[in-house]
Amino acid sequence: MAGTSRMKQPASVRIVRLPCTGRINPLLPLRALEDGADGVLISGCHPGDCHYREGNLYARRRLELLQRFLPFVGIDPKRLRYVWVSASEGARWQTIVAEFTQQIRELKARGEAS
Amino acid sequence: MTKLGYFPGCSLEGSASEYDQSSRYVCKQLDIELVELPDWSCCGAHAAHHTQHKLACALSARNLSIATKQGVDSVVAPCPACYSGLKSAQNQLANNPGLTEKLKSELDLDCNAKGEVFSLVELLSHIEPETLKAQVKVDLGGLKVAAYYGCLLVRPPKLVQFDDPENPTSIDNLLSAAGVQMLPWDYKVQCCGAVLGISNPDIQLKLSGDILKMAQLAGAQAVAVACPLCHANLDLRQEQINKYCKSNFNLPIIYFTQLMGLAFGASPKGLGIDKHMVNVGPLLSKVGIR
Amino acid sequence: MKIGVFICHCGNNISATVDVEQVAQHALTLPGVVCAHTIPHACSEPGQQLIKKNIQEKGLNRIVIGACSPRVHEATFKRVLAQAGLNPYLLEFANLREQCSWVHEDRQLATGKAIDLIDMAVNKAARLEPLTSSKVDVNKRTLVIGGGIAGIQAALDIADSGHEVALVEKTPTIGGNMARMDKVFPTLDCSACILTPKMVEVASHPNVTLYTYSEVEQVSGFVGNFKVKIRKKARLVDMEKCTGCGSCTLKCPVKAPSEFNMGLDNRGAIYIPFPQAVPHIPVIDKTVCSYILKKKCGLCQKICPTGAIAFEQQDELTEEEFGAIIVATGYELMDWTVYGEYGYGKYKDVITSMQYERILSSSGPTGGHIKRLSDGREPEVVAIIACVGSRDAARGRPYCSSVCCMYSAKYAMLTREHLPNAQVYIFYMDIRACSKMYEEFVQRAQEKYGANYVRGRVSKIFERNGRMVLQGADTLLGQSVELEADLVVLAVGITGTQSTIELAKKLNISHDEYGFLTENHPKLRPVESSTAGIFIAGACQSPKDIPLSVAQASSAASKVLGLISHDKLETSPLVAEVTILKCVGCFRCLSVCPFSAIEEQVLRDGTKVAQVNPALCQGCGLCSATCPPAAIALRGFTDDQLISQMESLCQLNPEL
């Protein structure tokens, strides 16, 4: 929707396609951060509105735990964000991507190398 | 003994002093200690929130901050307009920490947003009916009364969160416990015209006239109110209403606290019942009160 | 590994912002890539030919396409691969349009990103495996749930095409809400006259098995192969023996409010809901019958000439198999008694639209005479209030009932036909009459029937001297209005039902907060539910009038016919797969799977391991993320494939 409506977004975002947030093993975002990604943004259907019925409910629990776990391995929890954006919420997606990119840039500017 | 901050407001100092008298009496009988807020200021009434929301909020916030200083968390206001002003200020303070800080830094107001703001009706509704019944010394069973709530006592529902906004029953319950026959009727929350009595009396007289008409149709011998402005519109202006509506109402308008006071055995004079424009005497003598 | 990369210009949709040549040049440097081409329109016939030619000539075995969103053309290019003799799942898509050229302006940044996206895709492509789908048999029988007009229409359409249908209705008769209605807009033909023939037809159709007074108890299985348990509730009347004479219903001494007449009158404990009920067989209400409650009475048993009364009858459970399911469970009126300003339901002369239908109906409780319920007087003024419980976000009903504008106009006409001297007032917010002949219908109500339309909401209703007083605003005149009426009809809004929500849970299909079932796509898949093989029709999907319900029912039926016209169904190969050697048999996957697609499998040595039923698996990957020893992989999205994408991305770009 954001793409079809040509809503401008920061060019530093790369999307990895997944069927459902429920597919996300917490090791995947952790691996991305370990490999050098500056931030990981996870977006899925709204809770209660899962295309696969309840995958995002599991994802919500896992990612919340992962986020709390990040400081233990020395990663700023601000580098991980999970959001719920439906396919029709292009404008919301645009705002979230812009905000998150800005947040990551600020982390970098503070010299917190990943 | 329950201890609360008491905010009488301007009307209760003047035109509605009998509401003040009777409120204090009823609370005393029910073991509620009212601590009048020292140096309280106007709640802002109609004018403040019509012109500037911040001013309206600040005026009420000042009164709430006095309560905090007095060491009382909760405040009771008999007048529904004062109650509405205080309640909405308190609500804004509770939901907007920025505002609380601003009022503190600009006006040095320290408000405890945790305390509650009660109308007198709401406060008394927390008392068990049995406790009320235990106080009754005079039988008012011969009185048929319609309770009139007006606008601000139960509205806006999201703010006050008390009683039913369409068919409130709290005053009915209080007065039933005091032994009065309460009548079901449909004009409990219709507007009396409020301050239009000054700027556009035709509208107010028609609206207040409708209320009296419906009360009479319901078989009421008197109307119980909880608001100084409603009282003024229905009582003080009843003669004007009769002229405007070509009617001949002679319907006593009595504060609900006065009726409770009568039931609790106070003298009519002590409750200021002689101050009403529509003479309540004949009705009271019917039930044996002089 | 021979990877071919094809970058689409998409006219200039991509090439205006992305230097496609540079992207192709870069692709050539990646390991395994043997050719990289740019194509003006990859999806066009010449574009497709170029890809096929390269596959065949260069022996490509992995294809990367950088073009639009995979949602648009992934299927197209899968076909191209298949036509060129390559497994279609050896294709990886990079979205260079929606995710890159359309959302960025800086050509250099966009080109850099496109290069990354191709890089990620090539890396993943190198790890793709050929996948094949499995095939399952299709059961040709269809289950239709709900015997209102939508369910009847769907069942008839399918049955007429020569396929077997089971129609399950939870109440004792089919007909639904439409059977309650008097005359229906915009033609004002009698509802019963057009509905009852269809009820009879569906009940007597050789291809239809009718289960009335029955409910769906449990559903398992998947598209083409559903297993459904149906509970046939005990009627306490033997349907074989009963002739439908109705003598029992006349003798029954018990009184209970009639559901069919919306509580306006009473029925007995044994009753036939209405004269045209199908089947025309009574049912005993176990909650009020004296014999059941106190073992007293039994009058019906004594009077029945055929000995059909069967107090000992028990519920029966039957299990049947179906290939497809249509849900047509309809609607009900929202609970309007939340409206304190209209008296919370305490006034007898404030009634609902459905009650007014019954009053207007000649077979209704008043024999078609319009009377007040309080004193039986004919009303001189009838007021209709539209949008009660519709378009009212404050009462939690923000949506439009979609029918109350029309039936309000209908009530104006019918009221004036019954009582030519009566005045009719309609309080409305807007008039929505946007279907064939609808606007004309409303005009006729105003012009020929003299309905008084007042634009504005009624803020209060109360009783004065035996009449109902309506206070409100006329927003066109900017005045407050007060109207004395004898009868007030509330055009009450429509809501989904609690029983539909419960059914949706059994069927594993989605519903919204109002109890309406959710279609798979609001525009392009309007009768498909979120689960393959389950379709929705009529007002259980959203408020609908009769024409739309019938149209949607036929549409659902045609979708079912399309499905069961296949003998076998191909399932998607993008499903989970268990590596038996790694599985430790903890079955966490089984507990999380939302589709019950995981089963226990006992190996020859007795160990239990998980097994995926590919026909049930929808490919969400939840099991894969749950499995502790990583024994379950989701085909097409394996850990290896995803990590390869992320690694190529991170290695490429130390700084962005």
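Before reading further, recall that the structure is shown in the block above.
Presented here is a report on the structure given in the accompanying data block. Being a predicted model, the structure only gives us computed values, none of them experimental. (Residues numbered from 1 in each chain as written. Chains lettered and ligands numbered in written order. Predicted model: local features only at pLDDT ≥ 70, side-chain atom pairs only at ≥ 80, totals over all residues. Heavy atoms only, no water.)

A closer look at the overall build of chain A
So, point 1. Helix and strand content of chain A: 3 helices and 2 strands.
So, point 2. Reading chain A from its N end, one meets helices and strands in the order α-β-α-β-α.
So, point 3. On C-alpha atoms alone, chain A measures out to a radius of gyration of 14 Å, which is about the 13 Å that the 2.2 N^0.38 rule sets for 114 residues.
So, point 4. Its C-alpha atoms give chain A principal-axis dimensions of roughly 35 × 30 × 20 Å.
So, point 5. A separation threshold of at least 6 residues defines the contact pool for chain A, and within that pool the share at least 24 residues apart is 67%.
So, point 6. Accessible surface for chain A amounts to roughly 5,800 Å². Of this, 54% is attributable to carbon and sulfur atoms.
So, point 7. Chain A carries 18 positive and 11 negative side-chain charges, and their two centres are separated by 4 Å. (Helix = DSSP H or I, 4+ residues; strand = E, 2+ residues; numbered from the N terminus. Rg over C-alpha atoms; globule rule 2.2 N^0.38 Å. Contact = heavy atoms within 4.5 Å. Areas by Shrake-Rupley, 256 points an atom, 1.4 Å probe, with all protein chains shown as cover. Lys, Arg positive; Asp, Glu negative; His and termini not counted. Charge placed at Lys NZ, Arg CZ, Asp CG, Glu CD.)

Describing the interface of chain C and chain B
So, point 1. Counting residues at the interface gives 12 residues for chain C, matched by 8 residues for chain B.
So, point 2. Both faces combined, the contact of chain C with chain B buries some 900 Å², and carbon together with sulfur accounts for 42% of it.
So, point 3. When the buried area of chain C at its contact with chain B is split by residue, Tyr344, Lys460 and Arg464 of chain C rank highest and sum to 46% of it.
So, point 4. One can count 1 salt bridge joining chain C with chain B.
So, point 5. A class-by-class count of the residues in the side of chain C that touches chain B yields 3 nonpolar, 3 polar and 6 charged. (Buried area = accessible area lost by both parts, 1.4 Å probe. Salt bridge = Lys/Arg side-chain N within 4 Å of Asp/Glu carboxyl O. Nonpolar A, V, L, I, M, F, W, Y, C, P; charged D, E, K, R; others polar.)

Let's talk about the environment of Ser644 of chain C
So, point 1. In this structure, Ser644 of chain C sits in helix H18 (residues 639-652).
So, point 2. Contacts of Ser644 of chain C, omitting those with residues within four sequence positions, involve Asn123, Lys124 and Arg127 of chain C.

Overview of the interface of chain A and chain C
Size of an interface: often given as the accessible area lost when the parts come together.
So, point 1. Listed by partner, the interface residues are 36 residues for chain A and 43 residues for chain C.
So, point 2. Overall, the association of chain A and chain C removes approximately 3,600 Å² of surface from exposure, summing both partners, and the carbon and sulfur fraction of that is 58%.
So, point 3. Contact with chain C buries area across many residues of chain A, yet Arg14, Arg23 and Arg53 of chain A alone supply 23% of it, more than any other trio.
So, point 4. The interface formed by chain A and chain C holds 4 salt bridges in total.
So, point 5. In this structure, Arg14 of chain A and Asp116 of chain C form a salt bridge, with 2.8 Å as the shortest nitrogen-oxygen distance.
So, point 6. Broken down by secondary-structure element, the contributors of at least two residues to the side of chain A that touches chain C are helix H1 (27-35), helix H2 (55-69) and helix H3 (90-109) of chain A.

A closer look at the pattern of salt bridges
So, point 1. On inspection of all chains with the given rule, the structure shows 47 salt bridges over all chains.
So, point 2. For the salt bridge of Glu89 of chain A with Arg92 of chain A, the shortest nitrogen-to-oxygen distance reads 3.6 Å.
So, point 3. Looking at Glu89 of chain A, the relative accessible area reads 24%, which means it is partly exposed.
So, point 4. You can call Arg92 of chain A partly exposed: its relative accessible area is 34%.
So, point 5. Because the salt bridges share partners, they merge into one network encompassing Asp349, Arg372, Asp375, Arg377, Arg464, Arg467, Glu482, Glu484 and Asp486 of chain C. (Buried < 20%, exposed > 50% of the residue type's maximum accessible area, 1.4 Å probe, protein only.)

A look at the nonpolar core
Across soluble globular proteins, nonpolar side chains show a tendency to be buried alongside one another.
So, point 1. The biggest cluster of nonpolar side chains holds 121 residues, and the ones touching the most others in it are Leu124, Phe256 and Met260 of chain B together with Ile461, Leu470 and Leu490 of chain C.
So, point 2. If you tally residues by element for this core, the top one is helix H4 (residues 53-70) of chain B, at 6 residues.
So, point 3. Once residues lying within four places of it in the same chain are set aside, the contact partners of Leu490 of chain C are Trp336, Tyr342, Val350, Ile351, Thr352, Ser353, Ile385, Val388 and Ile461 of chain C.
So, point 4. Ranked by size, the runner-up nonpolar core spans 67 residues in total, among them Phe595, Val612, Ala615 and Cys623 of chain C. (Core = buried A, V, L, I, M, F, W, Y, C linked by side-chain atoms within 4.5 Å.)

Some points on the pairing of strand E21 (residues 381-388) of chain C
Residue and element names in this part refer to chain C.
So, point 1. Counting buried positions along E21 yields 8 of 8 residues, so the element is predominantly enclosed.
So, point 2. The sheet contact formed by E21 and strand E22 (residues 423-428) spans 5 bridges and is parallel. Bridge pairing links Val381 to Gln423 in E22.
So, point 3. With helix H12 (residues 404-418) bridging E21 and its parallel neighbour E22, the resulting β-α-β unit is right-handed.
So, point 4. Here 5 bridges tie E21 to strand E27 (residues 487-492), and the two strands are oriented parallel to one another. Looking at E27, one finds that Val382 is bridged to Leu487. (Pairing = 2+ DSSP bridges. Right-handed = clockwise from strand over helix to strand, strands pointing away.)

Some details on the pairing of strand E25 (residues 467-474) of chain C
All names here are of chain C.
So, point 1. Judged by how many residues are buried, E25 sits mostly within the fold: 6 of 8 residues are covered.
So, point 2. Across 6 bridges, the pairing between strand E24 (residues 458-464) and E25 is antiparallel. Across the sheet, Glu463 pairs through a bridge with Met468, a residue of E25.
So, point 3. The antiparallel hairpin formed by E24 and E25 contains 2 residues in its connecting segment, where Asn465 sits at a positive phi of about 50°.
So, point 4. Note: E25 against strand E26 (residues 479-485), 7 bridges, orientation antiparallel. Bridging from a neighbouring strand, Met468 pairs with Ala485 of E26.
So, point 5. Counted along the chain from E25 to the antiparallel partner E26, the turn is 4 residues long, and its residue Gly478 has a positive phi close to 65°.

Topic: the state of the cysteines
Residues and elements named next belong to chain C.
So, point 1. All chains considered together, the criterion is met by 1 disulfide over all chains.
So, point 2. For Cys190, the disulfide goes to Cys193, at an S-S distance of 2.3 Å. The sign of the S-S torsion, about 90°, decides the handedness of the disulfide formed by Cys190 and Cys193: right-handed.
So, point 3. The thiol sulfur of Cys586 is not disulfide-bonded, and the nearest other cysteine sulfur, from Cys627, lies at 6.1 Å.
So, point 4. Relative accessible area serves as the criterion here: at 40%, Cys586 is assigned to the partly exposed category. (Disulfide = S-S within 2.5 Å.)

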